[in-house]
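Here are the chains, one letter per residue:
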Amino acid sequence: MGGKSQLVTSDQALAGRDAPMPVTNRHYVSGNLLLPPFPDGMVMAMFGLGCFWGAERTFWQLPGVYSTSVGYSGGFTPNPTYREVCTGMTGHNEVVRVVYMPDHISYTRLLRVFWESHDPTQGMRQGNDLGTQYRSGIYVYDEAQKSNAEQTRQQFQQALTQRGYPSITTEIVQAPEFYYAEDYHQQYLAKNPNGYCGLGGTGVTLT
């Protein structure tokens with residue numbers, strides 16, 4: 001799908017709405033909660049790495065992940081619809097929010113999966129998916145996550161450079177508001193096993 005290659009500004013963005021997107025509060029695969037509050041001890045992470053259908057499946061399959069949700073973040077329009085995000089006029093990225101158990105899986109492990117599951121050098125696209133909503137992003141919830149993300153970005157850049165790839169374009173910013181995507185997008189590839197995935201890594205691993 002084609003889309004805008006330049007991010008909109010706040011005054012250009014669509015107005016959106018006050019009402020949040022209604023979603024079923026159970027993960028289609030695990031049965032765990034999609035909406036907070038989550039059980040004690042859970043930690044959140046958020047990533048954008050192209051089409052969120054394949055991204056979400058990549059993370060829900062990891063041992064130690066409690067639940068995953070897809071949504072929109074990083075833009076200006078409150079409670080956007082999928083159609084609005086696809087116009088490029090919300091500023092949002094397609095993201096997956098991961099709720100995980102830090103005693104069972106580390107944030108570093110999640111970052112490794114993030115870097116190795118897509119090409120973070122492509123700017124406002126991911127493969128054939130074109131537009132600002134497909135940009136690479138790590139949205140951090142605290143300084144420890146930020147430091148870890150920046151460190152692994154440097155390590156992965158070194159590995160990519162050795163293979164002839166250009167500079168990483170991944171944005172690393174404080175986690176903005178997360179807006180849930182429509183219910184049918186949640187765990188889409190579990191509901192539609194033959195559906196479009198869109199993910200494709202570089203073949204480079206994070207050492």
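Before going into details, it helps to say that this report is about the structure given with it. (Residues numbered from 1 in each chain as written. Predicted model: local features only at pLDDT ≥ 70, side-chain atom pairs only at ≥ 80, totals over all residues. Heavy atoms only, no water.)

Here we come to the environment of Pro78. Residue placement: Pro78 occurs in the loop between β2 (65-73) and α2 (82-86). Look at Pro78 and you get partly exposed, because its relative accessible area is 26%. In contact with Pro78, not counting residues within four places along its chain, are Ala15, Gly16, Arg17 and Tyr179. (Helix = DSSP H or I, 4+ residues; strand = E, 2+ residues; numbered from the N terminus. Buried < 20%, exposed > 50% of the residue type's maximum accessible area, 1.4 Å probe, protein only. Contact = heavy atoms within 4.5 Å.)

The subject of this paragraph is the packing of aromatic side chains. Note on aromatic pairs: each is described by the distance of the centres and the angle between the planes. Taken as a whole and assessed by the stated rule, the structure comprises 10 aromatic pairs. Aromatic pair Phe52 and Tyr72: ring centres 5.8 Å apart, planes at 35°, arrangement tilted. Of this pair, Phe52 sits in helix α1 (residues 52-60) while Tyr72 sits in strand β2; the two residues are 20 residues apart in sequence, bridging distant segments of the chain. Among the residues examined, Phe52 registers a relative accessible area of 1% and is labelled buried. Between Phe52 and Tyr82, the ring centres sit 6.3 Å apart and the planes meet at 25°, which makes this aromatic pair stacked. With Phe52 in helix α1 and Tyr82 in helix α2, this residue pair connects regions lying 30 residues apart in the sequence. Taken as a pair, Phe52 and Tyr82 share a single burial class, namely buried. Within the aromatic cluster, the residues linked to one another by ring pairs are Phe47, Phe59, Tyr107, Phe114, Trp115 and Phe156. (Phe/Tyr/Trp six-rings, centres within 6.5 Å; stacked < 30°, edge-to-face > 60°.)

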